[in-house]
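# Examination of the molecular architecture
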Amino acid sequence: MNNLLIVGQYVPTNSIVHRMDPRVKMLIIFFYVIFIFFANNVISYGLFTLFALGSTILTKVPRRFIAKGLTPVWFLIVFTFILHLFVTREGFVLFHVFGLPIYSGALEQGAVISLRFFLLILLTSLLTLTTTPIEITDAVESLLGPLRRFKFPVHELALMMSISLRFIPTLLQETEKISNAQASRGVDFRTGPFRERVRAVIPLLVPLFVSAFKRAEELAMAMEARGYRGGEGRTKLRELRVVKRDVAALVCFIVITAAALITRDYS
Amino acid sequence: MDITFEKVDYTYQANSPFEHKALDSMSFHLPSGSFTAIVGHTGSGKSTLIQHLNGLIRPTNGKVRIGDYVLEPKKKPKHAKALREKVGIVFQYPEHQLFEETVEKDIAFGPRNFGVPEQEIQKRVAESARAVGLGEDLLKRSPFELSGGQMRRVAIAGILAVRPRVLVLDEPTAGLDPRGQKEIMDMFYRIHKEQQLTTLLVTHSMEDALAYADHVLVLDKGKKYMEGTPVEVFSQREALQQVQLDVPEMFQFLLKASDQFGKPLAYQGQDVERLAEQLAALAGDRDE
């Protein structure tokens, strides 16, 4: 239905990034998101940019596809940049736009923040582009595993995640069907005063909830009929294993991060 | 209202890796007051075709005419709502669209949206409830308390209450018990005749197509594969099997019987009793 946003869309190309252990991918992204905030000069930013772009190329996902998918985020990035341009007042005045002074510090700040934003979005979107929802859930379950000692329901959480992911397309389809049916009965979702449009949502939401509850009940029944009793003693069809390429990726990431941390300005 | 498709293409998600052509140069004309059965394997474009009929989607190329309304690519229809009042669509499992607190309110929902005066609405609710065989005692109940078959009738009543001129039925009897199926189809046929509607029936049941339709449209992979009267279409068994469709049991039986007796037996709209007589006559001939 909505093919503008790629967040959450998997593109199978079977690249080396696709075949990586999802846990390693998630760990790398987790720490990348933290450490990028330590970058503060051209070299450290360059290193992080290199890592993000290098990963993107390795995924073999068509560049056009990534660029198109990031379209809605581009707007935010450009907006952030422009906002910084007019609001920040550091450094010296470079020139005037519409009578407003543009400071050199603003240009720098805007560029840096936009770049950071872009890198964050790019790398995190690579996760969903190269990892199936099932793999992500498995990774979450495995990574949160230690919490089980504190009676944290890790398996249940992972199950909830995979069920909700599984039903997103189903619900979208259902929404389209019901909205078609109600539009045929004269509901106008697109025009008219705001109050009317809000009211038009009721004939959409009620049937959607009814069917979601019905589906949940049926799913629970089907699971129980097949002997599901929770995560206790349950084995996995796909065992997650860290292999050479995962170690290589980790080493690569650690080296780049360490280099960035060393080269950043400490003064 | 007559319906004309002129070389209609419809492409889903054009210019993307998921591009999919659902209708391919579709052309046909359905005269006002006709009853057309649309048959085709899953994915043949039936649902896409239906959505053109009240302007839910517009053709990617080509032109759709419904009475005086014209749907063209890249041109927002000016009278979309008026068109939707004239074309009633009973979607698959229409009971999924119920949402009001009472059966009465749900049936009134369509007419109210189209601005029918309140008094007239009351009249139409009672009338359509009667037409689909819903007892008056059910009108004040919640639609969610009813049985599946009753919910289906409520949903259908909600569409009839708008008083469309074109009635589109997308597998209206799926999931009903055999008796309910016959009741609902007979009811649609009666309304079709009484109100002189133009009716389109999407169905997997060749029996229904034969029993109710005066025109059959066979779709395959978004293209028109065959068109004609039920007898014309169902006489071409091999061609239908090419697109994973079967002929009605009556035709299958007649073919077998023709083989058996070595004499051609044609379908002339005969019912089971008449057929039995024909067979008895043939058997008599052979014994002599």
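Residues numbered from 1 in each chain as written. Chains lettered and ligands numbered in written order. Predicted model: local features only at pLDDT ≥ 70, side-chain atom pairs only at ≥ 80, totals over all residues.

What follows is about the overall build of chain A. Broken down by element type, chain A carries 11 helices and two strands. Projected onto its principal axes, the C-alpha coordinates of chain A cover approximately 70 × 55 × 40 Å. Among the 267 residues that make up chain A, the fraction classed as buried is 19%. By sequence separation, contacts in chain A at least 24 residues apart represent 74% of the contacts at least 6 residues apart. (Helix = DSSP H or I, 4+ residues; strand = E, 2+ residues; numbered from the N terminus. Buried ≥ 20, exposed ≤ 12 C-beta atoms within 10 Å, placed from the backbone. Contact = placed C-beta atoms within 7 Å.)

Residues of chain A with pLDDT of at least 70 account for 96%, and the chain-wide mean is 84. Predicted confidence is poor over residues 1-7 of chain A, with pLDDT under 50, and the contacts of this stretch with residues over four places away or in other chains come to 14 contacts. (pLDDT = per-residue confidence, 0-100.)

Another point: the sheet that holds strand E10 (residues 223-228) of chain B. All names here are of chain B. With mixed pairing, the six strands of this open sheet are ordered in space as E6-E7-E8-E3-E9-E10. Strand pairing shows two members of the sheet lacking a second neighbour, strand E6 (87-90) and E10, which therefore form its edges. Shown here is a sheet whose adjacent strand axes are inclined to one another by a mean of 15°, direction ignored. Bridging between strand E9 (residues 215-220) and E10 involves five bridges; their strand directions are antiparallel. Across the sheet, the residue bridging to Val218 is Met226, located in E10. (Pairing = 2+ DSSP bridges. Axes fitted to C-alpha atoms, helices over the stretch in contact; angles between N-to-C directions.)

This part covers the domain arrangement of chain A. Domain annotation for chain A reports domain 1 (16-131 + 240-263) and domain 2 (153-225). Each of domain 1 of chain A and domain 2 of chain A was reduced to a C-alpha centroid, and the two centroids are 35 Å apart. (Domains from an automatic or database assignment.)

Turning to the pairing of E6 of chain B, a few remarks are in order. Residue and element names in this part refer to chain B. Residues Val87 and Ile89 of E6 are buried on one face, and the alternating residues Gly88 and Val90, pointing to the opposite face, are buried as well. Here four bridges tie E6 to strand E7 (residues 166-170), and the two strands are oriented parallel to one another. By the bridge assignment, Val90 is partnered in E7 with Leu169.

On to the interface of chain A and chain B, then. Taken together, the contact pairs 18 residues of chain A with 22 residues of chain B. For the side of chain A that touches chain B, the secondary-structure elements that each account for two or more residues are helix H8 (154-184) and helix H10 (202-225) of chain A. For the side of chain A that touches chain B, the element with the highest residue contribution is H8 of chain A, accounting for seven residues. Broken down by class, the residue content of the side of chain A that touches chain B amounts to nine nonpolar, six polar and three charged. (Nonpolar A, V, L, I, M, F, W, Y, C, P; charged D, E, K, R; others polar.)

In this section: the packing of helix H3 (residues 42-59) of chain A against helix H11 (residues 244-263) of chain A. Residues and elements named next belong to chain A. Between H3 and H11, whose axes approach to 8 Å, the crossing angle comes to 165°. In terms of orientation, H3 lies roughly antiparallel with respect to H11. As for how H3 packs across H11, the hand of that crossing is left-handed. Only Phe253, Ile256, Ala259, Ala260 and Thr263 of H11 make contact with H3, whose side of the interface consists of Ile43, Ser44, Leu47, Phe48 and Phe51. Classifying every residue of the contact of H3 with H11 by side-chain character gives eight nonpolar, two polar and no charged. (Parallel < 35°, antiparallel > 145°, perpendicular 65-115°, else oblique. Left-handed = near helix turned anticlockwise from the far one by under 90°.)

Residues and elements named next belong to chain B. The domains assigned to chain B are domain 1 (3-247) and domain 2 (248-288). The interface of domain 1 with domain 2 comprises seven residues on the first partner and seven residues on the second. Residue assignment for the side of domain 1 that touches domain 2 shows that the elements contributing at least two residues are helix H7 (206-212) and helix H8 (230-234). No other element matches H7, which puts three residues into the side of domain 1 that touches domain 2. Split by residue class, the side of domain 1 that touches domain 2 holds five nonpolar, no polar and two charged.

Glancing now at the packing of H8 of chain A against H10 of chain A. All names here are of chain A. Here H8 crosses H10 at 140°, and the two axes come no closer than 10 Å. In this view, H8 runs oblique relative to H10, as classed from their interaxial angle. Taken as a pair, H8 and H10 cross one another with a handedness that is right-handed. Between H8, through Leu171, Glu174, Thr175, Ile178, Ser179 and Gln182, and H10, the contact on the second element is made entirely by Pro203, Leu204, Pro207, Leu208, Ser211 and Ala212.

Residues and elements named next belong to chain B. Structurally, Asp186 is set in helix H6 (residues 178-194). The class of Asp186 is exposed, set by 12 C-beta atoms lying within 10 Å. Counting along the chain gives 54 residues from Asp186 to Leu240, while the straight-line C-alpha distance between them is 26 Å.

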